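Here's the letter readout for the chains.
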Amino acid sequence: MTPKTIETRFPHANIESKWQKKWQESNLYKVDDNDPRPKWYELTMYPYPSGDLHVGHWYAMTGADIHARFKTMQGYNVLHPMGFDAFGLNAENAAIERGIHPHSWTMDNIKRMRDQLASMGPMYDWDREVVTCVPEYYKWNQWFFLQFYKKGLAYRDYAPVNWCPSCATVLANEQVIDGTCERCDTTVTHRDMNQWFFRITEYAEELLDQSKMDWPERINTMQTNWIGKSDGVEFKFDISEHNLDTDELITFTTRIDTVYGVTFVVLAPEHPLVSLLTTPDQKAAVGDYINNARKASEVERLAIDREKTGVFLGSYCVNPLTGDRIPILIGDYVLNTYGTGIVMGVPAHDERDFIFAKKYDLPIKVVVAPKDWNGEELDAAYIDVGTQVNSSQFDGFSSTEGKKLIADHIETNKLGTKTINYRMRDWLISRQRYWGTPIPMVYCDDCGIVPVKEEDLPVLLPEDAEFLPTGESPLAVHDKFVNTTCPDCAKPSKRETDTMDTFVDSSWYFLRYASPKYSESAFEEKSAELWNPVDQYTGGVEHAVMHLLYSRFFVKATRDLGLIKYDEPFKRLFNQGTIIYKGAKMSKSRGNVIAPDDYVDIVGADTVRTYLMFIGPWEQGGEWNDSGINGAARWLNKVWDISNLDLNTFALASNPDTERDLNRLLHKTIMRVGEDIEKFKYNTAISTLMQFTNALSEDKIFEKIDIDQWLHLTRSLYVMMAPITPHLSEELWEKSGMKSSVHTQKWPKYDENMAKDDKITLVVQVNGKVRAKISASANLTESDANEIAMEDSGVQKHTEGLEIRKIIYVPGKLLNIVAN
RNA sequence: GCCGAAGUGGCGGAAUGGUAGACGCGGCGGUCUCAAAAACCGUUGAGGUAACACUCGUGCGAGUUCGACUCUCGCCUUCGGCACCA
């Protein structure tokens, strides 16, 4: 479909190619570590090289580029780098489907996208580009892995893991969305496998501390929820009567105040004690139940409205606080992966337990009394605070106090311990795929798991892998890769054939931009120290608990390795919204993708940049609308037209009134546009610039002002437009006789007094309703205001016959007459 | 269910205690043109009027205030996050 838009009156194609070439030749965007100006690190999330730069990329990257350019104009030495998140499954799928090697597929795409990115006219210093799939980069993934391994932050475990059958690989918990794969929406299944993990849970508590970063509240909340801290008690029930290896059934609860109300205990069906605690006559029933639970998909099992089911094991435990014998059951609403995998059932004070008890006819014992409770049966679980009853020596205390006192009592008597549980799991980084960083580990029959020696890094991905649609990792069947010698004893041994999650790559790429070519270590210390942490990070909200959480973990771990000194990677974070088209997020499968290149051909990059930023608040995203782009094109046409006015026709001296009015407007514009850009409110910044342009487009303006003022006004306009429309601004700046680049200009200063109005419209209200608008001097006193208001016939009409009780005057703005 | 954000003309949005609808899109009328496009000028929330006046109007209902899109309380709707986490 060919886009229909109006045409630009300026030769956008010539202007853009001219300046892109000149900027490159003059090294305008080269970033120098030794520049004396204060540093500013403006980072936007690097793209996956899918092959085409779409409108979503333009939206994200234009907004970041504007802010970076603005910071430069404010006097900072700005690093605003770009790179490619180049490992990933798409490349491998292309290899399987079309026989193209992932390496060439990726590199071709990068080449194409680099050109498309350049067409936006951004201020990237391409010498700093980072591409994650080259050995010079992924070597350092492996190096980080070895450091983490030494520190005990990387470990291998046999564990049930999320498996995506379509991607034929395991996934981290963060990559499972509602029981489906984050990439391909396939329902995730479970497998028990030996896998590599990063111990992110070690940092759970520190990750909850958000005081050292200025991030949107909703991202902070999402991370806090994801980490899911809960304070509670591990309480032990006595099973010594069963004569097992252990005498204890350990439960985790956040409601220890209800422990006197326990009437049953439920284990997760997968719990190892289940078979040991099942009596012979219950074996068949329990076996059936476990089989059914296993068959249920993850999605089914997690459905909230699913009926709570369970089965009695036939055996009992003892509540050591009461001596009560309590039946032991299994139920699939208990998760083996959270807490201890065993839950104490308190039906009186937990909704799930209540339903469960009703269903299986288990006793319900009230131990926290609601207000005015007289011992009657409850018709629903009472989960609020109340008064302890049936709780031995704790009767009469509030349940809030009960919680503390009972926990202390339990610890003193060694019946359990206060514990904190987190919902977040360790980060599973193994992937059974080819196109990623090989995990640098070797399995030796004699020495066990042996890390590859640092001096032998990188472990290179073999180029001659075979890509077959079998779902098997090409590395696992690549004999030359698999067979190696043990780094310790030199005997024949096998390499780890899993590769790393690509989120490992993006967890430290911001450190690499400081010294992207440095070959001695992951980053050159002084450069990394100079630029990091990132001052302003921008990107989509979808990475809230993946990339953003992993990066925080990486920085903290790297800090604890003694390599960096700060605690957080990104000081400030801003999430831009999403551009939609025809009511939905653009995607190839929906066929609603807007190709920015088509529009760049017709109206130019500056127009596309302007339009995208004008749609609405950057934070909100919005709907792409073909006719909307005409507004942007018309504005730039108008700017072009005023730049073409014949300077010889301008007046010899400015008309004092016009001069003052335009000067006032200029100062207002500088103030507003600067404030808006700082806060990413690009839509209102552009609207203010449009208003300024409209004022300069006034008919026969050349009769009212002189050349000097005209040049001052228009040059100021070009400077303020420069972050948004870098090419056209540069062209017009040059055309107006300036030699240096508009992009090296300082952001103009404004004078608050110059921006002040001298004439105002006094709004006169009677009982809050506007009855007159009177033009008046800005420094009008209250009595003056009163006087002119009372002279107004409209005001008189509405106050006639009424008694004036009160007059409220807002200086320079409004007068409200209260009368009845 | 819990947490969060949002609801304003035909449309995107502006205004966060003081003129609701800036700026732009679209529409309508006009100028120019053989004609169209582009451009320019005018107009554009609803009702009402010959025109003014006036009345109504920011999801709904209350409240605070001289004055509420804006603050408070209670609902409704939409979107996002979490969700059997003990």
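Residues numbered from 1 in each chain as written. Chains lettered and ligands numbered in written order. Predicted model: local features only at pLDDT ≥ 70, side-chain atom pairs only at ≥ 80, totals over all residues. Heavy atoms only, no water.

What follows deals with the packing of aromatic side chains. How two aromatic rings sit relative to each other is given by the distance of their centres and the angle of their planes. Applying the stated criterion across every chain, the model contains 52 aromatic pairs. Pairing Phe 87 with Tyr 138 gives two aromatic rings, centres 5.5 Å apart and planes at 45°, and the pair type is tilted. With Phe 87 in the loop between β3 (83-84) and α3 (89-98) and Tyr 138 in helix α5 (residues 135-150), this residue pair connects regions lying 51 residues apart in the sequence. Overall, Phe 87 belongs to the buried group, its relative accessible area being 1%. Seen in terms of ring centroids, Tyr 137 and Trp 508 are 4.5 Å apart; in terms of plane orientation they differ by 5°. Their pairing is stacked. Remark: Trp 508 occurs in the loop between β25 (499-500) and α14 (509-512) and Tyr 137 occurs in helix α5; sequence separation between them is 371 residues. A relative accessible area of 2% means that Tyr 137 is categorised as buried. Classification of Trp 508 as buried rests on a relative accessible area of 0%. Taking NZ or CZ as reference, Arg 69 lies 5.8 Å from the ring centre of Trp 23, over its face. The lysine or arginine in question, Arg 199, covers the ring of Tyr 155, its NZ or CZ lying 4.1 Å from the ring centre. (Phe/Tyr/Trp six-rings, centres within 6.5 Å; stacked < 30°, edge-to-face > 60°. Helix = DSSP H or I, 4+ residues; strand = E, 2+ residues; numbered from the N terminus. Buried < 20%, exposed > 50% of the residue type's maximum accessible area, 1.4 Å probe, protein only. Lys NZ or Arg CZ within 6 Å of the ring centre and 35° of its normal.)

Take the nonpolar core next. Counting 159 residues, the largest nonpolar core has Phe 145, Phe 198, Trp 427 and Trp 624 as its most contacted members. Among all residues touching Phe 198, those that are not within four sequence positions of it are Phe 145, Phe 148, Leu 153, Ala 154, Asp 426, Trp 427, Ile 429, Val 504, Phe 553 and Phe 554. Counting residues in hydrophobic clusters, the runner-up holds 41 residues, among them Tyr 260, Val 265, Leu 277 and Ala 407. (Core = buried A, V, L, I, M, F, W, Y, C linked by side-chain atoms within 4.5 Å. Contact = heavy atoms within 4.5 Å.)

Here we take up the packing of helix α19 (residues 629-643) against helix α23 (residues 726-735). Pairs of packed helices are described in terms of their axes, by the angle between the two and the distance that separates them. As a packed pair, α19 and α23 sit with axes 11 Å apart at the nearest point and diverge in direction by 10°. Regarding the angle of α19 to α23, the classification is roughly parallel. Of α23, the residues touching α19 (which contributes Leu 636, Val 639, Trp 640 and Ser 643) are Leu 728, Leu 732 and Lys 735. (Axes fitted to C-alpha atoms, helices over the stretch in contact; angles between N-to-C directions. Parallel < 35°, antiparallel > 145°, perpendicular 65-115°, else oblique.)

Once that is clear, we can look at the sheet that holds strand β19 (residues 427-428). By way of backbone hydrogen bonds, the strands of a sheet pair with one another, either parallel or antiparallel. If you walk across this open sheet you meet the 4 strands as β6-β5-β9-β19, and the pairing is antiparallel. Among the strands making up the open sheet, the edge pair consists of β6 (169-171) and β19. In this sheet, β6 lies alongside strand β5 (residues 154-164) in antiparallel orientation, the contact comprising 3 bridges. The residue bridging Trp 163 from the neighbouring strand is Val 170, located in β6. Here α5 sits on the sheet in contact with β5 and β9 (189-198), set at roughly 90° to β9. (Pairing = 2+ DSSP bridges.)

Take the pairing of strand β21 (residues 441-444) next. Side chains Met 441 and Tyr 443 of β21 all project onto a buried face; the interleaved residues Val 442 and Cys 444 project onto the opposite face, where all are buried too. Inspection of the sheet shows β21 paired to strand β24 (residues 492-495) by 2 bridges, in the antiparallel sense. From the neighbouring strand, Tyr 443 faces β24, where its bridge partner is Lys 494.

Turning to the pairing of strand β22 (residues 448-451), a few remarks are in order. Strand direction decides the pairing type here: β21 and β22, joined by 4 bridges, are antiparallel. Note that in β22 the partner of Cys 444 across the bridge is Gly 448. With antiparallel pairing between neighbouring strands as the criterion, β21 and β22 make up a hairpin whose turn holds 3 residues.

Spanning 19 residues, helix α2 (residues 55-73) covers 27 Å between terminal C-alpha atoms, matching the ideal 27 Å at 1.5 Å per step. Of all 19 residues that make up α2, 18 are buried, and the element is covered over most of its length. Phi for Gly 75, located one or two positions after α2, is positive at around 105°. (Expected span 1.5 Å × (residues − 1).)

Following the sequence through the fold, Phe 554 ends up in helix α16 (residues 547-560). Separated by 132 residues in the primary sequence, Phe 554 and Tyr 422 place their C-alpha atoms 19 Å from one another.

A sheet is described by the order of its strands in space; here 4 strands give the open sequence β32-β31-β34-β33, paired in mixed fashion. Strands with a single pairing partner mark the edges of an open sheet, and in this sheet they are β32 (769-777) and β33 (804-810). Between one strand axis and the next, the sheet turns through 20° on average, direction left out of account. Its contacts with the sheet put helix α25 (residues 782-791) on β31 (759-766), β32, β33 and β34 (814-819), and the angle it makes with β33 is roughly 120°.

Close contacts around RNA strand B come from 51 residues, with Lys 308, Arg 352, Ile 615, Arg 634 and Asn 816 the closest. Backbone atoms, meaning sugar and phosphate, make up 63% of the atoms of RNA strand B lying within 4 Å of the protein. Leu 335 is positioned with one of its backbone polar atoms (N or O) 2.9 Å from a base nitrogen of RNA strand B. Asn 816 is positioned such that a nitrogen or oxygen atom in its side chain is 2.4 Å from a base oxygen of RNA strand B. Here the element with the most residues in the surface near RNA strand B is helix α21 (residues 682-696); it accounts for 6 residues. (Near = heavy atom within 4 Å. Polar contact = N/O pair within 3.5 Å; in protein donor to acceptor, adjacent residues only side chain to side chain.)

Under the counting rule described, the total for this entry stands at 43 salt bridges. We note a salt bridge from Glu 734 to Lys 22, for which the minimum N-O separation is 3.8 Å. In this pair, Glu 734 is assigned in helix α23 and Lys 22 in helix α1 (residues 12-25), connecting sequence segments 712 residues apart. Accessibility expressed as a relative area gives 36% for Lys 22, which makes it partly exposed. (Salt bridge = Lys/Arg side-chain N within 4 Å of Asp/Glu carboxyl O.)

The next point concerns the domain arrangement of chain A. For chain A, the assigned domains read domain 1 (31-127 + 506-578), domain 2 (140-226 + 426-500), domain 3 (229-422), domain 4 (626-754) and domain 5 (757-819). For domain 1 versus domain 5, the distance between C-alpha centres works out to 57 Å. (Domains from an automatic or database assignment.)

What follows is about unusual backbone geometry. Negative phi characterises most residues that are not glycine, and trans characterises most peptide bonds. With an omega of 0°, the peptide bond between Leu 457 and Pro 458 qualifies as cis. Along the chain, the position of Pro 458 falls in the loop between β22 and α13 (479-482). Within the chain, Asn 390 stands out as a residue other than glycine whose phi angle is a positive 50°. Mapped onto the elements, Asn 390 comes out in the loop between β17 (387-388) and α12 (399-412). The phi dihedral of Phe 680 falls on the positive side, at around 65°, and the residue is not glycine.

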